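So the chains spell out like this:
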Amino acid sequence: MGRSLTGVGVEEGLSPGMMTLDFTLNGKPVIHQTRLALTEVSWLAVGGCEAARITATGAADALWLWATRLLADLDIYAPDTTRIWAGVLWAVTLQTPWGTFDYSLDKLCNRVAVEYSYATDGTVGDRALTDWGEDAASIARYGTIEQLISGDGMTPELADAYRDQYLALYAWPTPLLNPGSRSERVTCEMVAFGHWARLQHQIYSDTATGQLDTAAIAQLIAGDFAWVSDDMTQVTASGITTSRHRSNNYTGQQEMVNLQEAGSTAGRVIAGIDAQKRLYFKPVSDALGYYWRKGEPHNTNLQQLDPWQVQPGAWAEQIDVIAPTLVDVIPPGRFFVERVTLNAAGTGWDVGIEPPDAQTLEKLILGG
């Protein structure tokens, strides 16, 4: 299902549909001498702002500088100046006459500990944990990014050495080089991830006891991340209580997913970080959010929507489906919007929507 928006111009520094890309680093605007074009942006029902793809063109020296701006904040604004997406610069790929260089945050970590089994008498051994090792300079630049790694059959000395070597390798972004992939001139492609991805950067723990609603636990987790807004108006109690104590070494994101998957007394829960950096944790409403007519999204008053106005986490219905009465299957037409993707299409945008457990022929073949 898709829609193209046509007749909208493209200007210097702006993407199709006149969307504005606003990069900031440490609270200051990123000054650059490149032309940016947003080629794809997406949202998920569980996660919120998902990913954005951007191309940058300009002088070679200006393009190389994008590799130094990883974790810069990116805000995307629609033509009506509404902020529709927020995240951070996650990866930069530079194609050059000398090969392709990939910089990313994928393995970056600047605070590391090793959990391991230690035995001196030939038994299975007890679990042990090293002290945390840190790279203060990397933390000052990128914030704390934790990694807990595990090993078996280690001594304390070996575990400490393993930690120190891991930290030395991954405390700073290191380019992956492919010398066989070259281009005549320097080109730059960038990927940004929504702030939900940053919930992977810290281990969450809580020594307090007692029971709380799962939504209250989600708020505590979000509170561990300074960049999350303190506006909790998008959080709704689930009606399900759980122990507050956490000592399983899960990241903040994994803890949040576990709470979300438990649902609520009303049914399914969706959770994520929205374009205003707010946590949302709320049951899915049964109410209809959109109509789809002739492949075009409309609101419930049948008014046609701009592509960027369609968001996941709501029910939609195709109102022009013509089908006979079917038995033993759910009638066609109504679906839950799990994922929304906008792709640049000439001077406009194509909007793609994805229902839960979407299967393509390729997925079926590869999955057996």
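None of these values were measured; they are calculated from a predicted model.

Undergrad: Help me get a handle on unusual backbone geometry, residues and values and all.
TA: Here the phi dihedral of Thr81 falls at roughly 75 degrees; this positive angle occurs in a residue that is not glycine. Position of Thr81 among the secondary structure elements: in the loop between strand S5 (73-77) and strand S6 (83-96). Notably, Asp328 is not glycine yet its phi reads approximately 70 degrees, a positive angle. Tracing the sequence through the fold places Asp328 in the loop between strand S20 (315-318) and strand S21 (334-336).

Undergrad: Give me the lowdown on the packing of aromatic side chains, citing residues and values where you can.
TA: Counted by the stated rule, this structure contains eight aromatic pairs. Between Tyr142 and Trp172 the ring centres are 6.0 Å apart and the planes differ by 70 degrees, which places this aromatic pair in the edge-to-face class. Within this pair, whereas Tyr142 is found in helix H2 (residues 136-142), its partner Trp172 is found in the loop between helix H3 (156-170) and strand S12 (176-178), the two being separated by 30 residues in sequence. The buried category is assigned to Tyr142, whose relative accessible area is 9%. Residues Tyr166 and Tyr170 carry aromatic rings whose centres are separated by 4.7 Å and whose planes lie at 55 degrees to one another, so their mutual orientation is tilted. Separated by four residues within a single helix, Tyr166 and Tyr170 lie in helix H3, roughly one turn from each other. Judged by relative accessible area, which is 19%, Tyr166 ranks as buried. Here the basic side chain of Arg141 rests over the ring of Tyr142, its NZ or CZ set 4.2 Å away from the ring centre.

So, how was this worked out
The written sequence of each chain sets the order in which its residues are numbered from 1. Two thresholds apply to this predicted model, a pLDDT of at least 70 for residue-level local features and 80 or more for giving and counting side-chain atom pairs, whereas whole-chain, interface and lining totals are computed over all residues. With hydrogens and water set aside, each side-chain value is computed from the structure's full complement of heavy atoms. Numbering of helices and strands runs from the N terminus; a helix is a DSSP stretch of H or I covering at least four residues, while a strand is a stretch of E covering at least two. Here the aromatic set is Phe, Tyr and Trp, taking the six-membered ring for Trp, and pairing holds for ring centres within 6.5 Å; pairs whose planes are under 30 degrees apart are stacked, those over 60 apart are edge-to-face, and all others are tilted. Accessible area is worked out with a 1.4 Å probe on protein chains only. A residue is then buried under 20% of its type maximum, exposed over 50%, and partly exposed in between. For a lysine, the NZ atom is tested; for an arginine, the CZ atom; a charge sits over a ring if that atom is within 6 Å of the ring centre and within 35 degrees of the ring normal.

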